[in-house]
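Working through the structure, step by step
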Amino acid sequence: MKNSIKYIAGLFCLTMGLTSCEYDNYDEPKLLFEGNLVYQGEPIGVSYNDVYFELWEEGWQTFGNIGVAVDQDGSFSSLLFAGDYKLIIPANQGPFMNIPNAETSSDTIPLDLRGSLNMDIEVLPYYMLRNVDISGSGSSVSASFALEQIITDSNARNINEAILYLSKTAFVDGRTSISSSSIGGGDIADMSNIQLSTNVPDMTPTQNYVFARVGVRIDGVEDMLFSPIERVDF
Amino acid sequence: MKKYIYSIFTCVILFTACNDEDFLNRDPQNILLEDQVWENEDLVLSVLADLYNRLPDYQTIERWWEFANFDETFASNAGDYWRHQNVDYGYGDWGMWDYGYIRDINLFIEKAEVADQLDPEVRSQFIAEAKFIRAMVYFEHVKRMGGVPLILESLEYDYSGDPTYLQYPRAQEHEVYDYIIQEMEDIKGDLPNGGTRSRATIGAALALESRAALYAGSIANYGQLTPNVSLPGGEVGIPADMADQYYTTSLRASEELMGLGTYGLYQNDPDPSENYTNIFLNKSANNEVILAKDFLVQGRTHGFTIENIPRSLREENTVGGKMNPSLNLVQSFELLDNTFAPLPTEDADGNPIYYDDQLDIFAGRDPRLAGTVILPGSTFRGSEVDIWAGWKTPEGNVITSDQLGGRAELPNGSTDQVVGYDGPIDNLEWSAQGGFYLRKYVDTSVGSGQRGTGSAVWWIRFRYAEILLNASEAAFELGDNTKAAEYMNQVRRRAGFPTDLAPSEIDFDRIVHERKVELSFENHILWDYKRWRLAHRVWNGESVDLTNEPGDALAVSTRVFGLKPFKVYDPGSPNHEKWIFEEFKPTPVFNPHRFRLGNYYSFIGDNVRNANPLIVRNPNQ
């Protein structure tokens, strides 16, 4: 009997040890904040890990921000706690300009997060890629597209170059490209009809598809503007 | 009764013991008090020595791995492969915010100024030296962070509960450079002319002024290429119209240093490659060195030679051969006729070129190549290094081994050595995985490769050849090509070039190239590429092959390449046992480097900005 009390006590302590974390740990953040960076409802493609925005929450002893990265297709998502956040897209982020928020009349977007939220953020891109058509075969991939200049006032910027990238994986930009071809901004004769094509190199291991998309580098803007990623099978 | 006696006795002890002033007031035996320090020259010097010792360097022989961050060398050490596998440099990389150090220097200066027990002349030299160190530290900050708060006196908190009066905003970038230049002008009169290479001298002050003004000038000049890299308050970015003024200051400081007559180019050895190596190894008869961090002072040594000595020659059974200079760097050493060319591995039809001797492929190149890099087939410490990747048959079959100096069966049935004792073998760390070893700084004295002794080779911070190149660049930017050529040719003649460059041949690419090869592995590449705003264009994140234009300053160079020598296996043919070479990318290198605009000025920590809201963030991060 004495022994079994010991065992029961031991078992009880073990149970406490295994279950008590429920009590002294915080819940993980559960509210999903997601959306897209858009221009007139249309997502803006960017390169991976390059464009991000910051969420700031006031009221803490020290200041720090939560960085939210924007995916290649212009989408973003983040799991957060409920709270009053301020959303800021830092200057010089992305191939676009910020639209001042109506409420704060600055680049700060107030975000009162009480439940999961799906919100698109409107921005003003320098250009938009239109009518992108990418097709190809085992030897070459070609793209035809048009460029529409969105910002035409004193903030307008010229095109530095337009580039067609091929990649083995679904991450497509200059870092991962296995083949590319470009046309300088000055060489573009007709913005409504631009053609680019590039050869498909040998790939190891062999694969019978590539991913492709078109990127546009704008003068004086670090981040490039991209079209959606196309998978080209052959 | 006993109780009372004890009580009285205790009271007596308690009340009388404290009267003994001498007993309780004793001088500490384990620390020196401030007054004691400041009345003794030797003690002040040891405080100053501590300040010297804390001078920061980004790349140095005590931190070899930082050299592998760019395209100069491959890191043949498994723990450092990631340097070739990460794409982006972090925004916080090479950042710095060391106001604890600056405060210590400020306190030193303030105390020295009131130390009346010291000889006035010695005291003013101490103050000048501390001001030199402080300017060096601010220079280190400004080139990494842009403008930082200029705190030139010690700050004290008054415990009032409101520390806001201690919050200072960032100075403009050019204000920090102006401070460094002005400070050097002010103190140089109090410093000795020569006599030491590990403490501040007139030469060191002028060298710092020359370098700082050149940096400021090029940021003003080339900063126009990156208008995004600036802040509205001027904390980052220097107005373009200030460029000429800084270039003029730099040129004047360089010429003043040359006029001292204390320093000159090292030309003690008849063989130019040997001579170039010895600039870094010879500590006795060497008037090229202006300021260095010396070793073997009180037995202090470092392990650079242990880490980087060729594998087959190592003195300890531990590591070795960690730095493998890249083919990118090797091929940028030009030919003796002042032209550029990649290493000739194939003829025009794509067939391999056969060489009788391994060194033949490097023949006719800048002698500084063999002074910087241990080439396959060359000797080090009197022994030949054994770098070759295997036998290659005419059909393209490679016979090799995964063991250094491994043996295997050749097609004719005999067993023979099939790979060098130094590699290259893919993924085998601590050997010449890239096909080369580093020669610069690797000590030739026996014992320097042992843990117990270590190497005493010093770390040179300023040397005369850099001053000549600073002067050449400043003169070129000011439009004086004749002068630019004159200064650059001094360096090139010493290097062993028979033909001078004509003034018309000096252009931006030449300036970039000359610094790249003369000052490789000397903690210049990052700062140079930053101030020229080349970093984001040369390390642009694109996976491109090795350039065929080694003299082009804008050639993209994001991954390090290597060179594999093969022995030809073709019995009966005249090519049998001749050498062919193949360019290759070491297996651990799989991602290109990308330098983003936000890397030009490092991230200022959130803790800093939390403590002081006046600090503005750096751009593009």
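Looking at an unreviewed UniProt entry, one finds chain B named RagB/SusD family nutrient uptake outer membrane protein, with Echinicola arenosa as its source organism. Taken verbatim from the UniProt record of chain B, the Subcellular location (unreviewed entry) comment is "Cell outer membrane". Comment text from UniProt for chain B, heading Sequence similarities (unreviewed entry), reads "Belongs to the SusD family."

Per an unreviewed UniProt entry, chain A is named DUF3823 domain-containing protein, and its organism is Echinicola arenosa.

With respect to the overall build of chain A
Summing up its helical and strand segments, chain A has two helices and 18 strands in all. For chain A, whose C-alpha radius of gyration is 25 Å, the value lies well above the compact-globule estimate of 17 Å for 234 residues. When its C-alpha atoms are laid out on the principal axes, chain A stretches across 95 × 55 × 25 Å. For chain A, buried positions account for 27% of its 234 residues. Pairs at least 24 residues apart make up 67% of the contacts formed inside chain A by residues separated by at least 6 positions.

Focus: unusual backbone geometry
Of note, the bond from Thr204 of chain A into Pro205 of chain A is cis; its omega dihedral lies within 30 degrees of zero at -10°. Positionally, Pro205 of chain A belongs in the loop between strand 15 (194–199) and strand 16 (209–218). Pro424 of chain B follows Gly423 of chain B through a cis peptide bond whose omega is 0°. Even without a glycine there, the phi angle at Arg533 of chain B is positive, about 55°. With respect to the helices and strands, the residue Arg533 of chain B is situated in the loop between helix 17 (525–531) and helix 18 (535–538). Using a count of 19 C-beta atoms within 10 Å as the deciding quantity, one classes Arg533 of chain B as partly exposed.

Notes on the interface of chain A and chain B
Facing the eight residues of chain A at the interface are 13 residues of chain B. Residues of the side of chain A that touches chain B, tallied by class, amount to one nonpolar, five polar and two charged.

Thoughts on the sheet that holds strand 14 (residues 579–584) of chain B
Residue and element names in this part refer to chain B. A sheet is described by the order of its strands in space; here four strands give the open sequence 8-7-13-14, paired in mixed fashion. Every interior strand has two partners, whereas the edge strands, strand 8 (398–399) and strand 14, have only one. For strand 13 (residues 562–568) and strand 14, the ladder comprises six bridges, and the chain directions are antiparallel. Directly across from Phe566, in strand 14, lies its bridge partner Ile580.

Side note on the nonpolar core
All names here are of chain B. Core analysis: the biggest nonpolar cluster contains 152 residues, and Ile180, Ala205 and Leu208 have the highest contact counts within it. The residue makeup of this core includes at least three contributed by each of domain 1 (62–94 + 300–444 + 547–621) and domain 2 (98–154 + 166–294 + 458–523). In this view, Ile180 contacts Ala135, Tyr138, Phe139, Leu208 and Ala212; residues no more than four positions away in its chain are not counted.

A short note on the UniProt feature "domain: DUF3823" (unreviewed entry) in chain A
All names here are of chain A. Under the UniProt annotation, the feature "domain: DUF3823" (unreviewed entry) is placed at residues 33–123 and 127–231. Taken end to end, residues 33–123 has its terminal C-alpha atoms 18 Å apart, with 0% of it in helix and 51% in strand. Across residues 127–231, the secondary structure splits into 0% helix and 54% strand, with the terminal C-alpha atoms separated by 24 Å.

Examining the sheet that holds strand 15 of chain A
One key point about sheets: their strands pair by backbone hydrogen bonds, in either a parallel or an antiparallel sense. Residue and element names in this part refer to chain A. The strand order across the open sheet built from three strands is 11-12-15, with neighbouring strands paired in antiparallel fashion. The open sheet terminates on both sides in strands that have one partner only, identified here as strand 11 (127–136) and strand 15. The sheet shows a mean angle of 20° between the axes of neighbouring strands, direction not considered. Pairing analysis gives eight bridges linking strand 11 to strand 12 (residues 140–149), with the strands arranged antiparallel. Bridging from a neighbouring strand, Asp133 pairs with Ser144 of strand 12.

Remarks on the environment of Met97 of chain A
Residue and element names in this part refer to chain A. Mapped onto the elements of the fold, Met97 is located in strand 7 (residues 96–98). Looking at Met97, the number of C-beta atoms within 10 Å reads 19, which means it is partly exposed. A C-alpha to C-alpha distance of 9.2 Å links Met97 and Asn155, two positions 58 residues apart in sequence. Setting aside its immediate chain neighbours within four residues, Met97 contacts Val123, Leu124, Ile151 and Asn155.

Describing the domain arrangement of chain A
All names here are of chain A. Its domain assignment divides chain A into domain 1 (31–124) and domain 2 (127–233). Taking only C-alpha atoms, the centre of domain 1 and the centre of domain 2 are 26 Å apart. Every contact between the two is made by 16 residues of domain 1 and, on the other side, 16 residues of domain 2. Grouping the constituent residues of the side of domain 1 that touches domain 2 by class yields eight nonpolar, six polar and two charged.

Conventions we followed
Residues numbered from 1 in each chain as written. Chains lettered and ligands numbered in written order. Predicted model: local features only at pLDDT ≥ 70, side-chain atom pairs only at ≥ 80, totals over all residues. UniProt positions renumbered as here; feature names shortened; annotations may be inferred. Helix = DSSP H or I, 4+ residues; strand = E, 2+ residues; numbered from the N terminus. Rg over C-alpha atoms; globule rule 2.2 N^0.38 Å. Buried ≥ 20, exposed ≤ 12 C-beta atoms within 10 Å, placed from the backbone. Contact = placed C-beta atoms within 7 Å. Nonpolar A, V, L, I, M, F, W, Y, C, P; charged D, E, K, R; others polar. Pairing = 2+ DSSP bridges. Core = buried A, V, L, I, M, F, W, Y, C linked by C-beta atoms within 7 Å. Domains from an automatic or database assignment. Axes fitted to C-alpha atoms, helices over the stretch in contact; angles between N-to-C directions.

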